[in-house]
Amino acid sequence: MTTSNSDAIFSALADPTRRAILSLIGEHEELTAGEIAARFDAVGRTAVSSHLRILRLAGLIAERRDGRFRHYSVTPSPADAVVAFLTSVYQNSLDQLASAVQGASSAGGTVQGRVDEQSA
Amino acid sequence: MAELVLHNEVRLEACPSELFELFGSGDPALGWLFGAEAAALRPGSLVRLALPLGGPTRSAGTARVLSYRPNRRIDLAHESPWAGRVVCRFDPISGGGTLLRVRITIADHEVARLGAELGLLSGVDVNAREVPLGLLASLSGSAGILGRSTVNCAQLAVEEINADGGVMGRQVRLIVTDDSTDPGVGAIAMRRLCRIPGLAAVVGMHSSATYAVTGPIAIANGIPYLYTPTSEPTLSHPLLVRFGETPLDQLHRALPRMAAQTGGSRWFLAGNDYSWPRAIGATARAVIERTGGTVAGEGYLPLGAQEFEPVLSAIDRCQVDHVVSSFVGQDHVRFEREFAEAGLRHGTRTFAPLMDDAVVEHLGESAMGIWNALGYFVGLDTGENREFLRRYSDRFGPCSAPVSAAAEGVYEAIHTWARACYVGGGVEPTAVLSGLRSACFQGPRRCDRGGSLKSLLLGEATRSGVRVLDELPAATRAS
């Protein structure tokens, strides 16, 4: 998984409304944008569309067009997304530490993430 | 156990000792891990985290120091919003600087839980020979900082039941899910639980705001729902079984006792703005006015409030003797800290219906002198409680999240449910509900059949936890 993909997944999942939207879509095979917006009254339809776009660009959901309707479903390979999300959460803290102790412009801090699956 | 291991590293110009010193300072500019707030660096001490997960109430987490070597290594148990192990190593680089390596280990079942909650992974596989039992608890959001001991206590109860042969000869499988201290998320989590084939019951340890939407889902699915926290009596249905203290249980004797001790009569009622704190406020007002006191002011703030100043200055202006503070989770911690910092502890006494040993750990010095009345405090001096605390410590280690009253309530509810299955002769709802009428579990709390409380403990926050001052009869038993 590339860093930029990881970052996109982290940015997408770092927002509570987007996590809730993703969780809602995961409850169903497919949902239309209208059905999703109907469950998020307080958020507003335009904002829901923009959340859906961010989730789609992060590769977390797929969009299928059918006439004037857009249907959304959770994409396969979700385990990778959870791992990418967790990696980014920790990586984010080291990035911030590096910029705080060395000045935001310094290139001295290099952060690397790596993932192993293991049985213990 | 299979687990996920993540490695992160960063090369920094600072030397190991400088970086080691930065850990736990509470400065958010250092990132959520190094900028965490650690009152002390010793095994077992609490580390408060502010994770970048968006939204003011969704970012609080906790970890605990397992061990450390000055300038070399810090070993942490991450407790919430997820459980894992975080080891930070500080290696000097020849020529100056530090290679900081962070190794994170998260159990596969915890990764699966997170995935399911994000809607990314499908639900759990339950073996048909097992009895699935759901736990809906707040593991993230404002109340999430108290979540780890709840999960531990649920796990301990289930392991004890299974070691004893399970229920009706079948092993119990605990399925943990998080409401993020948010009713909307709670509804999704509850529907996910209810779709698990053969789900026997759900144990709930979350706000009554979530309960108001998850209760009807349990009813619609025919699932017994054992709701354990202190709460106001709201929904009523045979499938909904409440275990916790009611506002009247908590307040009717304790508030007059507090007024008698201080000699004061003026009260301020403060809390988060939803049904439970409002019910505490209404009950407190009735008790105070009945006993000749005056409510001088009231202030309620939304969950996840950022600004406590309006309520703090109102308390100051009202010149009160006592405060009833029904904030929740992270809001509770922040309110009581700011209250103490503003010097308001001098000359007032606070009664906080959610104050327990876990809250006192988060509050530290600013908790001193707060009162509460609950069915359980860690300091309860009985053989049953000492035995329970020993089993908890044996199972989760000396550096685990300390038991809270809320968590212990979950432990008792699960044991009572298992007894009810035995008495009722099955795990299906009719058997469990009929069994609950006479099932009795001899745990640390003073309970009657069906888990109803006989008495509460009056406690005061001290430097060594909550000190038990007295035992008070529950309201339903009071004359």
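Treat the numbers as computed from the prediction; the structure is a model and nothing was measured. (Residues numbered from 1 in each chain as written. Chains lettered and ligands numbered in written order. Predicted model: local features only at pLDDT ≥ 70, side-chain atom pairs only at ≥ 80, totals over all residues. Heavy atoms only, no water.)

**Overview of the nonpolar core**
In this structure, A:I36 and B:L100 are the most contacted members of the largest nonpolar core, which totals 66 residues. Here A:I36 is in contact with A:I21, A:L24, A:I25, A:L31, A:V48, A:L52 and A:Y72, once residues within four sequence places are set aside. B:V131, B:V203, B:V360 and B:F377 belong to the second largest nonpolar core, which has 62 residues in total. (Core = buried A, V, L, I, M, F, W, Y, C linked by side-chain atoms within 4.5 Å. Buried < 20%, exposed > 50% of the residue type's maximum accessible area, 1.4 Å probe, protein only. Contact = heavy atoms within 4.5 Å.)

**Notes on the layout of surface pockets**
Here the idea is plain: a probe the size of a water molecule rolls over the atoms and shows the empty space left. All names here are of chain B. Here the second largest pocket defines a volume of roughly 750 Å³. Mapped onto the lining of the second largest pocket, the elements with two or more residues apiece are β2 (37-38), β3 (46-50), α12 (357-363) and α13 (383-396). Within the lining of the second largest pocket, the residues separate by chemical class into 15 nonpolar, ten polar and nine charged. (1 Å grid on protein atoms, 1.4 Å probe; cavity = no way out; pocket = protein on both sides within 12 Å on 5 of 7 lines; lining within 4 Å. Points joined across faces, edges and corners; volume = space filled by probe spheres on them. Helix = DSSP H or I, 4+ residues; strand = E, 2+ residues; numbered from the N terminus. Nonpolar A, V, L, I, M, F, W, Y, C, P; charged D, E, K, R; others polar.)

**A few points about the environment of B:E289**
Note that B:E289 resides in helix α9 (residues 275-290). Spatially, the C-alpha atom of B:E289 lies 15 Å from that of B:G263, the residues being 26 residues apart in sequence.

**What to know about the environment of A:L57**
All names here are of chain A. You can see L57 is positioned in helix α4 (residues 45-57). Among the residues examined, L57 registers a relative accessible area of 58% and is labelled exposed. Residues L57 and A12, spaced 45 residues apart in sequence, show a C-alpha to C-alpha distance of 8.8 Å.

**Here we look at the packing of helix α14 (residues 405-424) of chain B against helix α15 (residues 429-436) of chain B**
Residues and elements named next belong to chain B. For the pair α14 and α15, interaxial distance at closest approach is 7 Å and the crossing angle is 105°. With respect to their mutual orientation, α14 and α15 come out roughly perpendicular. Each of T416, W417, A420, C421, V423 and G424 in α14 lies in contact with α15, whose residues at this interface are A431, V432, S434, G435 and L436. Broken down by class, the residue content of the contact of α14 with α15 amounts to seven nonpolar, four polar and no charged. (Axes fitted to C-alpha atoms, helices over the stretch in contact; angles between N-to-C directions. Parallel < 35°, antiparallel > 145°, perpendicular 65-115°, else oblique.)

**So, the sheet that holds strand β1 (residues 31-32) of chain A**
All names here are of chain A. Ordered in space as β1-β3-β2, the three strands form an open sheet in which the pairing is antiparallel. The open sheet has two edge strands with one neighbour each: β1 and β2 (61-66). Examined bridge by bridge, β1 and strand β3 (residues 69-74) share two bridges and lie antiparallel to one another. Bridge assignment links L31 to a residue of β3, and that residue is Y72. On top of the sheet, helix α2 (residues 16-26) reaches β1, β2 and β3; it is set at about 90° to β3, its chief contact. (Pairing = 2+ DSSP bridges.)

**Details of the side chain of B:E412**
Residue and element names in this part refer to chain B. Within the secondary structure layout, E412 lies in helix α14. Although E412 is buried, it makes no salt bridge; R445 carries the closest opposite charge, 4.5 Å away. A distance of 2.8 Å separates a polar atom in the side chain of E412 from the backbone nitrogen of R445. (Lys, Arg positive; Asp, Glu negative; His and termini not counted. Salt bridge = Lys/Arg side-chain N within 4 Å of Asp/Glu carboxyl O. Polar contact = N/O pair within 3.5 Å; in protein donor to acceptor, adjacent residues only side chain to side chain.)

**Quick look at the confidence of the model for chain A**
Residue and element names in this part refer to chain A. With 78% of its residues at a pLDDT of at least 70, chain A reaches an overall mean of 78. Ranking the elements of chain A by mean pLDDT puts strand β4 (residues 111-119) last with 58 and β1 first with 92. Long-range and interchain partners of residues 104-109, a stretch whose pLDDT sits below 50, account for nine contacts in this model, where long-range means more than four residues apart. (pLDDT = per-residue confidence, 0-100.)

**Section: α9(B)**
Residue and element names in this part refer to chain B. The first and last C-alpha atoms of α9 sit 22 Å apart over 16 residues, in line with the 22 Å expected at 1.5 Å per residue. Residues W276, P277, A279, I280, G281, T283, A284, V287 and I288 constitute the buried set of α9. Here the buried face of α9 lies against α6 (208-221), α7 (247-251), α8 (254-262), β13 (266-272), β14 (294-301) and β15 (322-326). With its phi angle positive at about 85°, G292 sits one or two positions after the end of α9. (Expected span 1.5 Å × (residues − 1).)

**What to know about the pairing of β15(B)**
All names here are of chain B. For β15, the tally of buried residues reaches five of five residues, placing the bulk of the element in the interior. Neither face of β15 is exposed, since H322, V324 and S326 on one face and V323 and S325 on the opposite face are all buried. Of the strand pairs in this sheet, β13 and β15 are connected by five bridges, and their pairing is parallel. By the bridge assignment for β15, A270 is matched with S325. As judged from the three bridges shared by β15 and strand β16 (residues 349-351), these two strands associate in the parallel manner. Each bridged residue has a counterpart across the sheet, and for V324 the counterpart in β16 is F351. Handedness of the crossover joining β15 and β16 through helix α11 (residues 329-341): right-handed. (Right-handed = clockwise from strand over helix to strand, strands pointing away.)

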